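The residues making up each chain are set out below.
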Amino acid sequence: MGISNYIKLFSDIRVWAAVQRTFIWTFFNVGSALLLGLGSALLLSGGFRGSGFIKSLVLIPWVLPSVITGYIWSLMLQEDAGIISYCLKLLQIVPKDFSWFRTGATSMAAAIMANTWRAFPFFTLMLFAKLNTIPQDHVEAATIEGANRKQLFRYVTFPYIKSTIITCTYLCFIWSFNAYDILKVMTNGGPAELTTTMSIMVQREAFQYYEISNASTMSVIMFFLMVGIIVIVNLAGKLLRKVRHV
Amino acid sequence: MSRKTNPNNSSFMLIRSRRSARQKLLIAVLAIVLFLIIVFPFYWIVLSSFKTFLEIFEVPPSIIPVRLDLFNYIEAFEVYQIGTFILNSLFVTIITVLCTTIISTCASFSVTRLEFKGSKQFQNFLKMTQMFPVVVLLVPLFLMCAKLNLYGTQGSLILPYIALQIPVSVILLSTYFVDIPMEIEEAAIIDGCNLFQTFTYVMLPLAVSGIVAVSIYTFIQVWQEFLIASSFITKHSSYTLTVGLTTFHGEFINWGGLMATSVIIAVPAMVLFTVSQDFFINRLAGGVKE
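Residues numbered from 1 in each chain as written. Chains lettered and ligands numbered in written order. Predicted model: local features only at pLDDT ≥ 70, side-chain atom pairs only at ≥ 80, totals over all residues. Heavy atoms only, no water.

Peer 1: In this structure, what is going on with the overall build of chain B? I would like to understand it.
Peer 2: For chain B, the count of helices and strands is 14 helices and zero strands. In sequence order, the secondary structure elements of chain B are arranged as α-α-α-α-α-α-α-α-α-α-α-α-α-α. Residue burial in chain B is summarised as follows: out of 290 residues, 49% are buried. Considering only contacts in chain B between residues 6 or more positions apart, those separated by 24 or more positions represent 73%. Surface summary for chain B: the accessible area is close to 14500 Å², and the carbon and sulfur share equals 69%. (Helix = DSSP H or I, 4+ residues; strand = E, 2+ residues; numbered from the N terminus. Buried < 20%, exposed > 50% of the residue type's maximum accessible area, 1.4 Å probe, protein only. Contact = heavy atoms within 4.5 Å. Areas by Shrake-Rupley, 256 points an atom, 1.4 Å probe, with all protein chains shown as cover.)

Structure representation (structure tokens):
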């Protein structure tokens, strides 16, 4: 009873491995969604012919159910006939017998690609909306003083959209940390449990092995890990700001 | 106050006139890549839904449709009983949307218009619930459903869905109610409306576009839910559509049928999203940032 559940789980190496995988999964998902989202938002805000059209399409990945996202990416990444694998092999980027779902690292990479595809439109739209409200006089002033594109981004654009980036990153962190559907569909935690994140583990313990107490203990750990990270990042941010002002 | 995006108000507009040919080419290439990244997987779903099993595993894969044959769709309905899953999904989704909309409309009206003790704290609390992961709620929800003898039935989906959707709906709907001028409400009270009449005759008609938009959002969220549905529904005949997708796994995966069903699931969400696109882009952007 009570604390013994936690002791049992903390001494289980599989749990630690799942925690570690959850962090890898979350880190790469948030990172790539942020980069792709920021890039596409900057590109679209440039306002070229057809940018409005692309912007109206950008919600497709987000509206598509994530289970379907998982399935379509696993079809596209199939060993031989998957269109992406086929192209990569044609261009000789990967060896002839390459399969995404044979090793843990490549399975994880495949699922991260799918999840990034689903997550980045959120960044794109939020950042695009913010980019469109940048005060024109700031941009003009910077341009008159001779700022080039890079400096304009560094000193005008970035400080202005920073708060939106932080909010979106928080949300994306929470969503990725808890993500289940895509991993379940694409890898089912495999091969050999190498893509089993905490979400997958909780669901499996509860509804395949019927180890309800294990699952609920793990849920609690998961929740406090997530909240703990958010609190730590928040404190670190505050500390950083203080140090800078001193 | 909806945030209309103005293409002329872009930070990069000034520089636009000075773009060289090389920059234009770079932008064009990047735009095409972005377009392909967004659209191609969806195109591949539709394309694959018209392919036979052998065509899907053809090397090299054909990227243009050979013919538009509906056999995957017919098979999905006749062999895999997608019809039942559609009805199940519709049942669960419609009940959830109705209950969520009614409850959250009343809730957001009272939170924004009636200043009661703790209304601010309540709103903050709602925002905090957004942080709560559904996976973590899985076990407690399961225990509650088991206690209520709901486990395995569609009631075990509807109740959690309503509970999970209400906070989001209240947050989004509150932004609508806040925008309605106080004067209108005061005028109604002076004309002799009581609280209930003010709500039904004055506030509801004014907020109706918001209510519809939030219902659509709820619909899309519930329509595509997988985690709870796949954990709580055990009987084949009670499967919702997303869980129904897993029936295409047998000895091998029937990709054609799977993709056909995916199209059937995706289309309603897409149509609803297109209808309410303005809401998605402007309101959601506003709601999330505040």
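Now that the structure has been shown, we can carry on.
Peer 1: Help me understand the packing of aromatic side chains, please; the structure alone is not making it clear to me.
Peer 2: For any pair of aromatic rings, the description rests on two quantities: the centre-to-centre distance and the angle between the ring planes. Residue and element names in this part refer to chain A. Taken as a whole, this structure holds 28 aromatic pairs over all chains when the rule is applied. When the centroid spacing of 5.0 Å and the interplanar angle of 70° are considered together, the rings of F122 and W175 count as edge-to-face. Of this pair, F122 sits in helix α7 (residues 104–131) while W175 sits in helix α9 (residues 149–178); the two residues are 53 residues apart in sequence, bridging distant segments of the chain. An aromatic cluster of at least three residues, connected via ring pairs, comprises W62, F122, F123 and W175. (Phe/Tyr/Trp six-rings, centres within 6.5 Å; stacked < 30°, edge-to-face > 60°.)

Peer 1: When you look at the environment of A:D97 in this model, what are you seeing that I'm missing?
Peer 2: Residues and elements named next belong to chain A. Mapped onto the elements of the fold, D97 is located in the loop between α6 (83–90) and α7. Of the residues examined, D97 reaches a relative accessible area of 53% and is grouped as exposed. For the pair D97 and A114, spaced 17 residues apart in sequence, the C-alpha separation works out to 22 Å. Setting aside chain neighbours within four positions, we find D97 in contact with E79 and R102.

Peer 1: What's the story with the packing of helix α4 (residues 71–78) of chain B against helix α13 (residues 255–275) of chain B in this structure? I'm lost.
Peer 2: In a packed pair of helices, the relevant descriptors are the angle between the two axes and the axis-to-axis distance. All names here are of chain B. Two numbers describe how α4 lies on α13: the axes approach to 8 Å, and their chain directions differ by 85°. Of the possible angle classes, the one that applies to α4 and α13 is roughly perpendicular. Facing α4, whose interface residues are N72, Y73, A76 and F77, α13 presents G256, G257, A260, T261, V263 and I264. Each residue belonging to the contact of α4 with α13 can be placed in one class, and the counts come to six nonpolar, four polar and no charged. (Axes fitted to C-alpha atoms, helices over the stretch in contact; angles between N-to-C directions. Parallel < 35°, antiparallel > 145°, perpendicular 65-115°, else oblique. Nonpolar A, V, L, I, M, F, W, Y, C, P; charged D, E, K, R; others polar.)

Peer 1: Where do I start with the layout of surface pockets in this structure?
Peer 2: Over the atoms rolls a probe the size of a water molecule, and its path tells where empty space is left. All names here are of chain A. Estimated volume of the second largest pocket: approximately 740 Å³. Taken together, 22 residues make up the lining of the second largest pocket; nearest its centre are I166, T169, Y170, V233 and G237. The greatest single-element share of the lining of the second largest pocket, amounting to eight residues, is contributed by helix α12 (residues 212–245). When the residues that make up the lining of the second largest pocket are grouped by side-chain class, the tally is 14 nonpolar, five polar and three charged. (1 Å grid on protein atoms, 1.4 Å probe; cavity = no way out; pocket = protein on both sides within 12 Å on 5 of 7 lines; lining within 4 Å. Points joined across faces, edges and corners; volume = space filled by probe spheres on them.)

Peer 1: Explanation requested: the confidence of the model for chain B in the structure shown.
Peer 2: Detail in the predicted coordinates should be disregarded across regions flagged by low pLDDT. Residue and element names in this part refer to chain B. Predicted confidence across chain B gives a mean pLDDT of 83, with 89% of residues reaching 70 or more. Considering each helix and strand of chain B separately, the mean pLDDT is smallest for helix α1 (residues 13–16), with a value of 48, and largest for helix α5 (residues 82–113), with 92. With pLDDT under 50 throughout, residues 1–11 is counted as low confidence; its partners more than four residues away or in other chains account for 26 contacts. Model confidence for the complex: the whole-complex pTM is 0.86, and ipTM, which rates the interface, is 0.88. (pLDDT = per-residue confidence, 0-100.)

Peer 1: I'm lost on the UniProt feature "domain: ABC transmembrane type-1" (unreviewed entry) in chain B in this one. Help?
Peer 2: Per the UniProt record, "domain: ABC transmembrane type-1" (unreviewed entry) is found at residues 86–276 of chain B. Secondary structure over residues 86–276 of chain B splits into 77% helix and 0% strand, and the C-alpha atoms at its two ends are 23 Å apart. (UniProt positions renumbered as here; feature names shortened; annotations may be inferred.)

Peer 1: Mind showing me how you'd approach α6(A) here?
Peer 2: Two residues of an α-helix separated by three or four positions point the same way, owing to the 3.6 residues in each turn. All buried positions along α6(A) are accounted for by A:I83, A:S85, A:Y86, A:L88 and A:K89. Looking at the packing, one finds that the buried side of α6(A) touches α5 (66–76) of chain A together with α2 (21–49) of chain B. After α6(A) finishes, the residue A:Q92 shows a positive phi value of roughly 55°.

Peer 1: Can you help me understand empty space enclosed by the protein in this one?
Peer 2: Scanning the entire structure with this criterion turns up five cavities of 30 Å³ or more. Computed from the structure, the largest cavity encloses a volume of approximately 60 Å³. Split by residue class, the lining of the largest cavity holds seven nonpolar, three polar and one charged.

Peer 1: Looking at this structure, how should I read a nonpolar patch on the surface?
Peer 2: A cluster of nonpolar side chains, namely A:L36, B:L25, B:V29, B:V33 and B:I37, defines an oily patch on the protein surface of about 390 Å² accessible area. With four residues, the single largest contributor to the nonpolar patch is α2(B). Here B:L25 shows up in helix α2. (Patch = residues over 30% accessible without salt bridge, like charges linked within 9 Å, V, L, I, M, F, W, Y side chains within 5 Å. Salt bridge = Lys/Arg side-chain N within 4 Å of Asp/Glu carboxyl O.)

Peer 1: Any chance you could explain the pattern of salt bridges here in plain terms?
Peer 2: Think of it this way: side chains of opposite charge can pair up when their charged atoms draw near. Residues and elements named next belong to chain A. Tallying each qualifying case throughout the model produces six salt bridges over all chains. Of the charged contacts in the structure, one is a salt bridge between D80 and K89, with a shortest N-O distance of 3.8 Å. Each of the salt bridges in this network shares a partner with another, and the network as a whole consists of D12, R14 and E205.

Peer 1: Is there a simple way to think about the UniProt feature "transmembrane region" (unreviewed entry) in chain A in this case?
Peer 2: Residue and element names in this part refer to chain A. In this structure's numbering, the residues bearing the UniProt feature "transmembrane region" (unreviewed entry) are residues 23–44, 56–76, 152–177 and 220–240. Taken end to end, residues 56–76 is 81% helix and 0% strand, and its first and last C-alpha atoms sit 24 Å apart. The span residues 220–240 is 100% helix and 0% strand, and its two end C-alpha atoms sit 30 Å from each other.

Peer 1: Got a minute to help me understand unusual backbone geometry in this structure?
Peer 2: If a residue is not glycine, its phi is most likely negative; likewise, a peptide bond is most likely trans. Residue and element names in this part refer to chain B. A positive phi angle is found at Q81, which is not glycine, with a value near 55°. Inspection of the secondary structure assignment puts Q81 in the loop between α4 and α5. For Q81, a relative accessible area of 40% puts it in the partly exposed group. Positioned with a positive phi, N149 is a non-glycine residue whose angle comes to about 60°. Relative to the helices and strands, N149 resides in the loop between α7 (134–147) and α8 (155–179).

Peer 1: Just checking my understanding: could you explain the UniProt feature "transmembrane region" (unreviewed entry) in chain B for this structure?
Peer 2: All names here are of chain B. Per the UniProt entry, the sites bearing "transmembrane region" (unreviewed entry) are residues 25–46, 85–111, 132–152, 158–178, 199–220 and 252–275 in this numbering. The distance from the first to the last C-alpha atom of residues 85–111 is 37 Å, and the span holds 100% helix and 0% strand. Annotated as residues 132–152, this span is 67% helix and 0% strand, and its ends, taken at the C-alpha atoms, are 24 Å apart.

Peer 1: How should the interface of chain A and chain B be read in this particular structure?
Peer 2: Interfaces are often sized by the amount of accessible area the parts lose when they come together. The partner chain B presents 73 residues to the 76 residues of chain A that form the contact. By the criterion of area lost to chain B, the three top residues of chain A are A:Y71, A:R149 and A:F207, representing 11% of everything that side buries. Counting the contacts that link chain A with chain B gives zero salt bridges. At ten residues, the largest contribution of residues to the side of chain A that touches chain B is made by α7(A). For the side of chain A that touches chain B, the class distribution of residues is 49 nonpolar, 19 polar and eight charged. (Buried area = accessible area lost by both parts, 1.4 Å probe.)

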